[in-house]
Amino acid sequence: NNNHVNSVRVASPASNVTSELADIDWDNLGFGLMPTDYMYMMKCSQGDSFSKGELQRFGKIELSPSAGVLNYGQGLFEGLKAYRKHDGNILLFRPEENAIRLRMGAERMCMPSPTVEQFIEAVRATVLANERWIPPPGKGSLYIRPLLMGSGAVLGLAPAPEYTFLIYVSPVGNYFKEGLAPINLIVETEMHRATPGGTGGVKTIGNYAAVLKAQGTAKANGYSDVLYLDSVHKRYLEEVSSCNVFVVKVEERLVTVDELINADEVFCTGTAVVVSPVGSIAYQNERITYGNDGVGRGVATTLFCPYQPTNGTHRG
Ligand code: COI
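- As annotated in an unreviewed UniProt entry, the protein carries the name Branched-chain-amino-acid aminotransferase and is attributed to Rehmannia glutinosa.
- As its UniProt record puts it under Sequence similarities (unreviewed entry), the protein is described as follows: "Belongs to the class-IV pyridoxal-phosphate-dependent aminotransferase family."
- According to its UniProt record, the protein has this under Cofactor (unreviewed entry): "pyridoxal 5'-phosphate".

Structure below.
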């Protein structure tokens, strides 16, 4: 799968004795928390840098009632997945991008953050410690949830004096109850997900609490999720409560032969042919090829065969 071109290998079969899988029903995973064996914890004081973290048994954490995260929402989260492949490898998709996003968010929320290397190492350690919870190939993935929070006590509004970076994991299947079948969205016209100057551009926990009302109403009315519009023009698509949104637009116009060079994907359609991805087109002694055996961006293969699993990773 193209998604794994930039993936990081967490473990290879040769370097790791394959542990036994946890004894759960791997065929019916949804997107709910399943407690696993270990979580990762690292703490530091305001003004310091994170230095050393450790794995602990998964369980409850202790917080002061006046922790910054509980009182003023000083917190961020991330989400990434580990996949078990048929060859026994365990792969992560671009974890450094999650680390970079966490660092950008931490800057906005006045928190210290782990370095990219610390983040990746912590993710790797947590995944390996919970290896038996990584679903078999094709059954789902191990969802990895890093949290960064102001765990120190504050009363007046100020950055917390202490910070905790924590990672827990849970095996997951499809997010929506529809599985891989199409979902039904409703556009929200009153409530907004992000505002200019606000925190919509970072993955702070408060952004998610703010959409629960619209999401609840949508679900009560039979929709899968809510699509938000920008708060200024109330016209432009922003995102869905739980994911990004992409729109594939077909424009009917003349296409020059030169444009073929820049196309990401070309496909033919017809009653007989149905949908046929094009792998290459020869033109004036040149051969223009389309990546991944003509699958290109996967518009033809995924749009016209929507029930194929795509392994897409939401980076909300
Ligand atoms: C993620 O894909 O990690 C998200 O942000 C989704 C989350 C709201 C469940």
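Having seen it, we continue.
1. Description of helix H2 (residues 95-108)
In an α-helix, one turn spans 3.6 residues, which is why side chains three or four residues apart end up on the same side.
Item 1. Here H2 spans 20 Å end to end across 14 residues, near enough to the 20 Å set by a 1.5 Å rise per residue.
Item 2. Residues Pro95, Asn98, Ala99, Leu102, Gly105 and Ala106 constitute the buried set of H2. In an axial view of H2, the angular spread of the buried residues amounts to 125 degrees, which keeps them on one side of the axis.
Item 3. On its buried face, H2 sits against strand E1 (7-11), strand E4 (75-77), strand E5 (80-84), strand E6 (90-93), helix H3 (116-129) and strand E7 (141-150).
Item 4. Phi turns positive, to about 55 degrees, at cysteine 110, one or two residues after H2.

2. Quick look at the pairing of strand E13 (residues 274-277)
Item 1. One ladder, built from four bridges, connects strand E12 (residues 267-270) with E13; its direction is antiparallel. Bridged to phenylalanine 267 within E13 is proline 277.
Item 2. Between E12 and E13, which pair antiparallel in sequence order, lie three residues.

3. Comments concerning the pairing of strand E15 (residues 286-289)
Item 1. Where strand E14 (residues 280-283) meets E15, four bridges bridge the pair, whose relative direction is antiparallel. By the bridge assignment, alanine 282 is partnered in E15 with arginine 287.

4. Overview of H3
Item 1. With 14 residues, H3 should cover 20 Å at 1.5 Å per step; its first-to-last C-alpha distance of 20 Å lies within 8% of that length.
Item 2. Buried within H3 are the following residues: Phe119, Ala122, Val123, Thr126, Val127 and Ala129. For H3, the arc enclosing every buried residue in end-on projection is 165 degrees, short of the 170-degree limit, so these residues lie on one face.

5. A short note on the sheet that holds strand E10 (residues 225-229)
Item 1. The three strands lie next to each other as E9-E10-E11, forming an open sheet whose pairing is mixed. On the outer flanks of this sheet lie strand E9 (185-188) and strand E11 (237-240), each paired with one strand and no other. Mean inter-strand twist for the sheet, computed between neighbouring axes without regard to direction, equals 30 degrees.
Item 2. Of the pairings in the sheet, the one linking E9 to E10 comprises four bridges and is parallel in character. From the neighbouring strand, glutamate 188 faces E10, where its bridge partner is tyrosine 228.
Item 3. In the packing of helix H5 (residues 212-220) onto the sheet, contacts are made with E9 and E10, and the angle to E10 comes to roughly 130 degrees.

Here is what the cut-offs are and how they apply
Residues numbered from 1 in each chain as written. Predicted model: local features only at pLDDT ≥ 70, side-chain atom pairs only at ≥ 80, totals over all residues. UniProt positions renumbered as here; feature names shortened; annotations may be inferred. Helix = DSSP H or I, 4+ residues; strand = E, 2+ residues; numbered from the N terminus. Expected span 1.5 Å × (residues − 1). Buried ≥ 20, exposed ≤ 12 C-beta atoms within 10 Å, placed from the backbone. Arc of directions from axis to C-beta. Contact = placed C-beta atoms within 7 Å. Pairing = 2+ DSSP bridges. Axes fitted to C-alpha atoms, helices over the stretch in contact; angles between N-to-C directions.

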